[in-house]
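A closer look at the structure
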Amino acid sequence: MLRRTIRATDIKSPDELIELLDRHAYLADEGLATAAFLALRMGRPLFLEGEAGVGKTELAKTLAALLDAPLIRLQCYEGLDAAQALYDWDFARQLLHLKAAEAAGITDVGRLEGEIYDRRFLIARPLLKAIETQPSVLLVDEIDRADDEFEAFLLEVLSDFTISIPELGTVKAGTPPVVVVTSNRTREVHDALKRRCLYHWLEHPSFEREVAILRRRLPSCTEKLAEQVAAAAWRCARPTWSNRRAWPRRSTGRRRC
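Just so it is clear, the structure is predicted and the values come from calculations on it, not from any experiment.

Here the structure, examined in full by the defined rule, presents 14 salt bridges. When the shortest N-O distance is used, the salt bridge between Arg7 and Asp10 registers 3.4 Å. For Asp141, the salt bridge identified is with Arg73, shortest N-O distance 2.5 Å. Taken together, the positions of Asp141 in strand β5 (residues 137-141) and Arg73 in strand β2 (residues 71-75) put the pair 68 residues apart, joining distant regions of the chain. The class for Arg73 is partly exposed, based on a relative accessible area of 40%. Residues joined by salt bridges that share partners form a network here, namely Glu49, Arg185, Glu188 and Lys194.

Now for the packing of helix α5 (residues 91-103) against helix α6 (residues 109-116). Axis separation between α5 and α6 bottoms out at 10 Å; the angle between their running directions is 150 degrees. Here α5 is positioned roughly antiparallel relative to α6, judged by the angle of their axes. As α5 packs across α6, the resulting crossing turns out to be right-handed. For the pair formed by α5 and α6, the contact residues are Gln94, His97, Leu98 and Ala101 on the first element and Leu112, Glu115 and Ile116 on the second. Here the contact of α5 with α6 is composed, by residue class, of 4 nonpolar, 2 polar and 1 charged.

The next thing to look at is the confidence of the model for the protein chain. Parts of the model with low pLDDT should not have their predicted coordinates read in detail. Chain-level pLDDT for the protein chain is 86 on average; 90% of the residues reach the 70-or-more range. In this model residues 239-257 is a low-confidence stretch, pLDDT under 50, and it forms 18 contacts with partners more than four residues away in sequence or in other chains.

The next point concerns the sheet that holds β2. Spatially, the 5 strands line up as an open sheet ordered β2-β5-β8-β1-β9, and their pairing is parallel. Single-partner strands in this sheet number two, and they are β2 and β9 (198-201). Neighbour to neighbour, the strand axes of the sheet diverge by 20 degrees on average, direction disregarded. As paired strands, strand β1 (residues 46-49) and β9 are joined by 4 bridges and run parallel to one another. Residue pairing for β9: Glu49 is matched across the bridge by Trp201.

All told, the structure shown has 3 aromatic pairs when counted by the stated rule. Between Trp89 and Tyr117 the ring centres are 5.0 Å apart and the planes differ by 85 degrees, which places this aromatic pair in the edge-to-face class. You can see Trp89 sitting in strand β3 (residues 87-89) and its partner Tyr117 sitting in the loop between α6 and β4 (122-124), a full 28 residues away along the chain. Relative accessible area serves as the criterion here: at 8%, Trp89 is assigned to the buried category.

So, on to unusual backbone geometry. Here Gln134 and Pro135 are connected by a cis peptide whose omega angle stands at -5 degrees. Positive phi, close to 55 degrees, is recorded for Asp68, a residue that is not glycine. Here Asp68 shows up in the loop between α3 (56-66) and β2. You can call Asp68 partly exposed: its relative accessible area is 47%.

Looking now at helix α8 (residues 148-160). Helical periodicity: at 3.6 residues per turn, an α-helix aligns residues three or four positions apart in one direction. Inspection of α8 places Phe150, Glu151, Phe153, Leu154, Val157 and Leu158 among the buried residues, and these make up the whole buried set. End-on view of α8: buried residues confined to an arc of 160 degrees, all on one side of the axis. The outward face of α8, more than 90 degrees from its buried face, is lined by the exposed residues Glu149 and Glu156. After α8 finishes, the residue Phe161 shows a positive phi value of roughly 50 degrees.

Attention now goes to the environment of Leu74. For Leu74, the location among the structural elements is in strand β2. It is 27 Å that separates the C-alpha atoms of Leu74 and Glu30, two residues lying 44 residues apart in sequence. Once you skip the residues sitting within four places of it in the chain, Leu74 turns out to touch Leu80, Ala85, Pro126, Leu127, Leu139, Val140, Asp141 and Phe150.

With respect to the secondary-structure elements, Ser136 resides in the loop between α7 (126-132) and β5. From its side chain, Ser136 meets the backbone oxygen of Ala130 in a polar contact 3.1 Å long. With sequence-adjacent residues up to four places away left out, Ser136 is seen in contact with Ala69, Pro70, Ile72, Ala130, Pro177 and Val178.

This next bit is on the packing of helix α1 (residues 14-23) against α3. For the pair α1 and α3, interaxial distance at closest approach is 10 Å and the crossing angle is 90 degrees. Taken as axis vectors, α1 and α3 run roughly perpendicular relative to one another. Together, Leu17, Leu20 and Leu21 of α1 and Leu59, Thr62, Leu63 and Leu66 of α3 make up the contact between the two elements. Within the contact of α1 with α3, the residues separate by chemical class into 6 nonpolar, 1 polar and no charged.

Rules of the game
Residues numbered from 1 in each chain as written. Predicted model: local features only at pLDDT ≥ 70, side-chain atom pairs only at ≥ 80, totals over all residues. Heavy atoms only, no water. Salt bridge = Lys/Arg side-chain N within 4 Å of Asp/Glu carboxyl O. Helix = DSSP H or I, 4+ residues; strand = E, 2+ residues; numbered from the N terminus. Buried < 20%, exposed > 50% of the residue type's maximum accessible area, 1.4 Å probe, protein only. Axes fitted to C-alpha atoms, helices over the stretch in contact; angles between N-to-C directions. Parallel < 35°, antiparallel > 145°, perpendicular 65-115°, else oblique. Left-handed = near helix turned anticlockwise from the far one by under 90°. Contact = heavy atoms within 4.5 Å. Nonpolar A, V, L, I, M, F, W, Y, C, P; charged D, E, K, R; others polar. pLDDT = per-residue confidence, 0-100. Pairing = 2+ DSSP bridges. Phe/Tyr/Trp six-rings, centres within 6.5 Å; stacked < 30°, edge-to-face > 60°. Arc of directions from axis to C-beta. Polar contact = N/O pair within 3.5 Å; in protein donor to acceptor, adjacent residues only side chain to side chain.

Spelled out as structure tokens, the structure:
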């Protein structure tokens, strides 16, 4: 029996999304599921902010698996510019084409100029690739590491999912990609970008939820081992805690996440 492909518009409620994510071993709480559901139904980017390791990137990966769509990742860093995110021309192949044309005795300059700026010589970077690929999930990871100028450029692209290539014309997404933007809050991201997206602050999971995540991802893991790993993760995530009473206690088995 063939598995039916799920589209973003097929999901009817946050509860249904929680169930679908759970099938892919991602445990989402009500707040995150509601934000993600609204982003899918409204066709707006989802902006996830929170500490490293709370599941922001993993949500984008899970949505891609859920929607059976390729995950296209744009990893942000200081100095990232539009050319590295949009497209670039393959100068080596263009030069080889000119050499081959010269060897073949082709001297029509207009023809050669038109040929070297053909689509086959264009290298699609993540933003262009996401616009051309339908369906797709675009992950703009760690936007807080990019410069303010790139942030403004990204805002323009996300407004209408249109890219203008002077040599070829305008490329517009027939169906906009599902967009997840993440930030570890190493700096403040401009409010204009947040307003363009549906914003959600992702908290570090509670001790009980972290145990549930470990048991869900590793079914062979015993409850005792999962509790020990979760407790160690909490201590590593909060090395400044001086009050040991604030540390998570071992579960009695009666509490539910």
